[in-house]
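Chain by chain, the residues run as shown.
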Amino acid sequence: MHMADALLSPVVGGTIWAVSAGSIAYCSKKVHRELDDRKIPLMGVLAAFLFAAQTINFTIPGTGSSGHLGGGLLLTLLLGPHAAFLAIASVLVVQALFFADGGVLALGCNIFNMGFIPAFIVYPFIYRNLRGKKLNQGRLTTAIILSALVGLQLGSLGVVLETWFSGISALPFATFLLLMQPIHLAIGAVEGIVTVAVVGFVYQARPEILRIATEDLEPGRYPLRGIVVTFFVAALLVGGGLSLFASRNPDGLEWAIARVAGSSELKAPGGGIHGFLAALQGRTAVMPDYSFRRPAGLTAAGLKPGGDRKKEEVERLGTAAAGLAGTLLTLALVFGSGLILKRRYQPAELSS
Amino acid sequence: MKIASIHGALLDFRRMELLAGGGTALHRLDPRAKLLVTLFFIGTVVSYGKYAVTGMIPLVIFPVVMASLGELPPGYIARKIALLSPFALVVGLFNPLFDRTVLIHLGPLGISGGWISFSSILIRSILTVGAATILVALTGFPAICRALEQLGTPRLLTVQLSFLHRYLFVLIEEGGRLSRGRELRAFGNRGLGIGSFAPLIGNLLLRTWGRAERIHAAMLARGFTGEFHLRRESRFGGRELLFTVGWSIAFVALRFWNLPQLLGRVVTGITS
Amino acid sequence: MNHPAVELCNLSHLYPDGTVALRDISFTVSQGESVAIIGANGAGKSTLLLHLNGVLATTGGEVRINGVQLAKGTLPYVRRSVGMVFQEPDDQLFMPTVHDDVAFGPLNLGLTGRELERRVQESLHRVGIAHLRGKAPYNLSGGEKKRAAIATVLAMAPEILVMDEPTSGLDPHARRQLVGLLREFPHTRIFTSHDLDMVLELCPRTIVLHEGVVAADGPTEGIFRDDDLLARCRLEKPFSMQGCPVCGKINQRQGDMDQI
Ligand SMILES: Nc1ncnc2c1ncn2[C@@H]1O[C@H](COP(=O)(O)OP(=O)(O)OP(=O)(O)O)[C@@H](O)[C@H]1O
Ligand SMILES: [Mg+2]
C-alpha cells in the first residue's frame, strides 16, 4: 500500500525521508565498494522487471479476485539487501513521479515501508536465520513465506504509524490497525507463495543466479547492526530536531497570522504539526481512543470564559462565509490569470 | 492491471515524455530549479494544519501558472490529477465518520471537522499530485535524474533510475507479449492462476537477467570499469535563481496570509 | 604490423550449465582482412565473438589480439582495440539519448570537452544519424538503433570491428546502406551473419561453425559451392547463387523436394 502525501505531516514525512535518503547513501557506497560492476545494469533492469511483473495478474483461487507480485522480497533474494534496496527505491521514485503512486514527500515513507523493511529488517533477521546455511527446499520455502508475511505486516504497520503520527486522518489508531493488518496478512501470504514459486522456477533453470545473493550469506560480510542502529539514531535526531523546530514555529506562525489577519486561521490548533506532538504526549496515556478531535470553538471558548455564545456563533458564521466567498474569488482569479497567460503565450508560439 | 491499462500506462508515459520535449521557457529552465521549487511547494502544502482548506486554495496558482506557461494540455493534466491516490481518499473518507464535531455553520448547515479535514486531504492530493505531474511533464525523466544527481543524490541511484527508465518500455512490452500469450490460451479464469503465473514471471525474470548480462557485456566492450562518467552541464543562472526565489517567496507569503479570508472580508464586509 | 589481428588457439568454451559451446577453435585473421563467421542457430557464433574482447573468459585455449594474449592485465588494451557491435541493439543502447550513448565509450577512455564532442559527431555522421543525436533509444526504429549501436563502437576508434549479425532486422534499404557503410571501413572486420548475400558481398573469406567446431575455413565462393558442406551444417546458398524461381530455372533445393 502506497503512503500518500496528503496524509503526511512534514515532521513525519521529513524524518522518514531522512532515514531513507541516509540508507540510499549508505547502500550506494556499499554496493560501489563491493566492486561487482555486473550489478550496476542488473539492478536497474531488474527494477524495470519489477514494474513489468506488476502489470501481470494472476487469479487467486477461491476468491475470484486477482493479484500481482509485489516483488520487494524477490529482488532482495536475487540481489542481496543493499543492491535490492536501491533497485526498489528507484521503482518507487518512478511510481511517485509518473503514476502518482504516493507522492514526492511520501516517497521517503514508501521507500522505508517497501524497501528498508524487506532488505534490512526481514532479510537479515528473518530470512537469513530461517533459511540456514545449506540450501534445503523445505527451509527455503518456510523462510520465504514467513519473510513475506512479516515484511507485509511491518510495512502495513509502517503505513498505520506514519498516518497516525501525521494526524491528518481522524482514524483512531486501533481501528486503522484492525483494518490494515488482516488485509496485509492475506497479501503477504499470496506474495510468499508466488515468490516461492518464482524462486523455484529460477532455481530449476539457472541455479547460479540465486548464488549472487547467497554469496552474501557468509558471516562477517554484513555490518547490518551498524546500519540499523545508525539510522535509528539519525531518525531520532532528525525527527527530534524537526519537531522542536515545528513546535516553536507554528506558534510564531499563528501569532503572525493573528496579527496580520486580525483573527486565527480557520483550523483547529490541534491539527498537523501540533497533532504530532500531541499524539506523542497523548499516546502513552490514551493510546487506543486517541483522535485529533478538538474543535476550534472549544479553544476559543476556553480563551474567553463565559463569552457571549451568540456573538461567537455570528463570528464563526462570518468567518465561514468570508472564507467561502474568498475561496471562490481566489480560484476565479487564479484560473483567469492562467487563461490569460496561456492566451498571451500561444500567439508567440505560432509566430516563432 | 489488465493488458489494456498496461497499454494505457505506456502511452501515458510516452505522452509525458513528449510533453517534456516542448520548447517553452519553462522547459528550458534548468531542471534543478523546477525540482527544488516543486519540493518546496509540496513542503508548503503539507505544512498546513489538518483543517486548513481556504488557506491552501491560493496555492493552486502554482500548478495553474506552470501548466499554462508550459503550454501543457489542461485536460490531460486534469485527468492525471483525477487519478488521485485511492488510498488517501479511502483513509480520508473515514474522517467524517470519526470526527463529527461541527466546526462551521453556513446558515442552517453545520459542517463537521471530519468533512473539513477530508476536503483538506482532497486539496492536498490535488496539489501534490498536480505539482509532481507538472514537474515531470515540463522536465522529462532523464533531466530529473540529472538534476537529482547534481543536487547530491548518489550516482548509483541515478544510474539505476536511468536504466529503469530505459528498459521499462522494453520489459513491459515483453511482459505484455508473454501474458497475452497466456491469456489467449486461458479459458475464463482457468489457466490464469499461480500455476501459470510463476513460470511466466520466472521466464520474464530469466530473460531480464540475460539482458542485463548482455548490457553489461556491451558496457565492458566500451571500456566500462565500474565508474560512470557523465557529462556535466550546469545552466543554473539568473533566470533559475529568480524562478526559485520568486516562487519560494510566493509560497511563504501564501502560507502566512490567508488570502481568501482577506479577500472575502473585503468583499463581504464582514469583519470579526 | 607483423602480428595477425586476431589469433585463436584451441579455444573452447563451456557454459556453467554444462553446454559445450565451442571446441578447439583455431584460426587467425590478418590485419585489414574481412571475415565472415557463419553457422546455424546455436552453432556458437555469438559465443565465439564474445571471446574476442574478453566479455567471456576462455575455459580452454587462448586468444591473441595484435599479438597480445588476452588476460586480466591486458583486458583494457584488448577492449580498446576490438570494437564489438552486439546482436541486439536494445542491449547496447542503454543511455538516455543517442548522444549520451555514443559518448559513453569515449568518456570511459578519458576523453572530455571538444575532443569528446568531435568524436561523437564524427561517428554519428559516419553512420548517417547526426539528426537523431537527441533522441531516446526506445524511440528509434530498428535500423536506426542498429546504426546508433555501430556509432557507439566507432566512437571508440577501434582497430578491429566485430559485429554479431549486423543486418538482422533491417529493411532492404537500410540493409543496403549498412552494407555500403561496412564496405568502406578500413578496419579488420569480423561478422557473423545469416545474411549470406551480405557475406558474399563483403567477405572474401568465410569460416563455417557447426556445433562449436570449425567445419570449414576458406574463400567464400568456394564454401557456398560446396553443397555437402552446406547441407551438413544446416546452411543454404545465398539467394544470388540460387536459381531464379520466375524464369523457370529450378534451383537445387526445389529439385530435391520434387524428387521426394
Ligand atoms: N548463457 C548461456 N548459458 C548456457 N548455454 C548458452 C548460453 N548462451 C548460449 N548458450 C548455448 O551455447 C550454444 C551456442 O550459442 P550461441 O549464442 O553462441 O549461438 P549462435 O551461433 O550465436 O546462434 P544464433 O544464430 O541463434 O545467434 C547454444 O547451444 C546455446 O544454447
Ligand atoms: Mg548469435
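Going by the structure above, here's the rest.
About the criteria used
Residues numbered from 1 in each chain as written. Chains lettered and ligands numbered in written order. Predicted model: local features only at pLDDT ≥ 70, side-chain atom pairs only at ≥ 80, totals over all residues. Heavy atoms only, no water. Helix = DSSP H or I, 4+ residues; strand = E, 2+ residues; numbered from the N terminus. Rg over C-alpha atoms; globule rule 2.2 N^0.38 Å. Buried < 20%, exposed > 50% of the residue type's maximum accessible area, 1.4 Å probe, protein only. Contact = heavy atoms within 4.5 Å. Areas by Shrake-Rupley, 256 points an atom, 1.4 Å probe, with all protein chains shown as cover. Near = heavy atom within 4 Å. Polar contact = N/O pair within 3.5 Å; in protein donor to acceptor, adjacent residues only side chain to side chain. Nonpolar A, V, L, I, M, F, W, Y, C, P; charged D, E, K, R; others polar. Axes fitted to C-alpha atoms, helices over the stretch in contact; angles between N-to-C directions. Parallel < 35°, antiparallel > 145°, perpendicular 65-115°, else oblique. Left-handed = near helix turned anticlockwise from the far one by under 90°. Buried area = accessible area lost by both parts, 1.4 Å probe. Salt bridge = Lys/Arg side-chain N within 4 Å of Asp/Glu carboxyl O. Pairing = 2+ DSSP bridges. Donors = N, O, S within 2.8 Å, 3.2 Å for Na, K, Ca; no water. Phe/Tyr/Trp six-rings, centres within 6.5 Å; stacked < 30°, edge-to-face > 60°. Lys NZ or Arg CZ within 6 Å of the ring centre and 35° of its normal. Expected span 1.5 Å × (residues − 1). Patch = residues over 30% accessible without salt bridge, like charges linked within 9 Å, V, L, I, M, F, W, Y side chains within 5 Å. Lys, Arg positive; Asp, Glu negative; His and termini not counted. Charge placed at Lys NZ, Arg CZ, Asp CG, Glu CD.

Novice: Which residues make up the overall build of chain C, and what are the values?
Specialist: Scanning chain C for helices and strands turns up 10 helices and 10 strands. Relative to a compact globule of 260 residues, whose C-alpha radius of gyration would be 18 Å, chain C shows 19 Å and is just as compact. Once the C-alpha set of chain C is aligned to its principal axes, its extents read approximately 65 × 45 × 40 Å. Expressed as a percentage of its 260 residues, the buried residues of chain C come to 54%. The contacts in chain C between residues at least 6 apart in sequence include a share of 63% that link residues at least 24 apart.

Novice: Lay out the overall build of chain A with the relevant residues and their values.
Specialist: Along the backbone of chain A there are 12 helices and 2 strands. Per-residue burial over chain A gives 54% buried out of 352 residues. Carbon and sulfur atoms make up 67% of the accessible area of chain A, which amounts to about 15,200 Å² in all.

Novice: Give me the lowdown on the site of ligand 1, citing residues and values where you can.
Specialist: All names here are of chain C. Among the 15 residues in the neighbourhood of ligand 1, the closest are listed as Asn41, Gly42, Lys45, Ser46 and Thr47. Here an oxygen atom of ligand 1 and a backbone polar atom of Gly44 are 2.9 Å apart. Note that an oxygen atom of ligand 1 is positioned 2.5 Å from one of the side-chain N or O atoms of Thr47. At 3 residues, helix 1 (residues 45-52) tops the list of elements feeding residues into the shell around ligand 1. Of the residues contributing to the shell around ligand 1, the split by class is 4 nonpolar, 8 polar and 3 charged.

Novice: Tell me about the packing of helix 5 (residues 74-82) of chain B against helix 8 (residues 113-139) of chain B, and name the residues and values.
Specialist: All names here are of chain B. Here helix 5 crosses helix 8 at 130 degrees, and the two axes come no closer than 9 Å. Considered as vectors, helix 5 and helix 8 are oriented oblique to each other. For the pair helix 5 and helix 8, the sense of crossing is right-handed. Of the residues in helix 8, those in contact with Ile77, Lys80 and Ile81 of helix 5 are Ile126, Val129, Gly130, Thr133 and Ile134.

Novice: An account of the interface of chain B and chain C is requested, with residue identities and associated values reported.
Specialist: Counting from both sides, the interface comprises 26 residues of chain B and, opposite them, 27 residues of chain C. The contact between chain B and chain C buries some 2,400 Å² in all, and 59% of this surface belongs to carbon and sulfur atoms. For the pair chain B and chain C, the number of links is 4 salt bridges. Viewed at the interface, chain C and chain B are joined by 9 residue pairs in polar contact (both at pLDDT 80 or more).

Novice: Go over the pairing of strand 1 (residues 102-106) of chain B with me, naming the residues and quoting the values.
Specialist: Residue and element names in this part refer to chain B. Bridge count for strand 1 against strand 2 (residues 109-112) is 4 bridges, and the pairing is antiparallel. Residue pairing in the sheet places Leu106 in a bridge with Leu109 of strand 2. Counting the residues in the hairpin turn of strand 1 and strand 2 gives 2 residues, including Gly107, whose phi is positive at 60 degrees.

Novice: Could you give an account of the coordination of the magnesium ion (ligand 2), naming the residues involved and the relevant values?
Specialist: All names here are of chain C. The coordination sphere of the magnesium ion (ligand 2) contains the protein donors Ser46 (OG) and Gln87 (OE1), at a distance range of 1.9 to 2.6 Å. Of this pair, Ser46 sits in helix 1 while Gln87 is found in the loop between strand 6 (82-85) and helix 3 (98-108), placing the two residues 41 residues apart along the sequence. Judged by relative accessible area, which is 35%, Gln87 ranks as partly exposed.

Novice: Before we move on, can you summarise the environment of Phe85(A) with the specific residues and values?
Specialist: Residues and elements named next belong to chain A. With respect to the element layout, Phe85 can be found in helix 4 (residues 81-98). Along the sequence, Phe85 and Met114 sit 29 residues apart, while their C-alpha atoms lie 8.9 Å from each other. When sequence neighbours within four positions are dropped, the list of residues in contact with Phe85 reads Ser20, Ser23, Ile24, Cys27, Ile111, Gly115, Phe116, Ala119 and Phe120.

Novice: Any chance you could break down the packing of aromatic side chains for me, citing the residues and the numbers?
Specialist: Counted according to the given criterion, the structure contains 19 aromatic pairs over all chains. Look at Trp164(A) and Phe165(A): their rings are 5.1 Å apart centre to centre, the planes differ by 50 degrees, and that puts the pair in the tilted class. Considering the side-chain rings of Phe169(B) and Tyr138(C), the 4.4 Å spacing of their centres and the 45 degrees angle between planes classify their relative orientation as tilted. Taken together, the positions of Phe169(B) in helix 10 (residues 155-184) and Tyr138(C) in the loop between helix 4 (113-126) and helix 5 (142-154) put the pair across two chains. For Tyr138(C), a relative accessible area of 12% gives the class buried. Within the aromatic cluster, the residues linked to one another by ring pairs are Phe40(B), Phe41(B), Phe62(B), Trp247(B) and Phe251(B). Here the guanidinium or amino end of Arg166(B) rests over the ring plane of Tyr167(B), the centre of that ring lying 4.7 Å away. The lysine or arginine in question, Arg255(B), covers the ring of Tyr48(B), its NZ or CZ lying 4.3 Å from the ring centre.

Novice: Just give me the short version of the sheet that holds strand 3 (residues 34-38) of chain C, but keep the residues and values in it.
Specialist: Residues and elements named next belong to chain C. Spatially, the 6 strands line up as an open sheet ordered 6-7-8-3-9-10, and their pairing is mixed. Of all the strands in the sheet, the pair left with one neighbour each is strand 6 and strand 10 (213-219). Strand-to-strand twist across the sheet, computed as the mean angle between neighbouring axes with direction ignored, equals 15 degrees. Where strand 6 meets strand 7 (residues 160-164), 4 bridges bridge the pair, whose relative direction is parallel. Across the sheet, the residue bridging to Val82 is Ile160, located in strand 7.

Novice: Give a detailed account of the sheet that holds strand 4 (residues 60-65) of chain C, specifying residues and quantitative values.
Specialist: Residues and elements named next belong to chain C. The 4 strands lie next to each other as 2-1-4-5, forming an open sheet whose pairing is antiparallel. A single partner strand is all that each edge strand has here, and the edge strands are strand 2 (20-29) and strand 5 (68-69). Bridging between strand 4 and strand 5 involves 2 bridges; their strand directions are antiparallel. Bridge assignment links Ile65 to a residue of strand 5, and that residue is Val68. Across the sheet, helix 1 is in contact with strand 1 (6-14), strand 2 and strand 4; its angle to strand 1 comes to roughly 125 degrees.

Novice: Describe helix 6 (residues 137-166) of chain A, and please don't skip the residues or the numbers.
Specialist: Its 30 residues give helix 6 of chain A an end-to-end C-alpha distance of 43 Å, which sits within 8% of 44 Å, the value for a rise of 1.5 Å per residue. Of the residues trailing helix 6 of chain A, Gly167(A) is marked for its positive phi of about 75 degrees.

Novice: Kindly report on a positive patch on the surface, identifying the contributing residues and their values.
Specialist: Taken together, Arg28(B), Arg146(B), Arg235(B) and Arg239(B) make up a surface patch of like positive charges. Structurally, Arg235(B) is set in the loop between helix 11 (194-221) and helix 12 (238-256).

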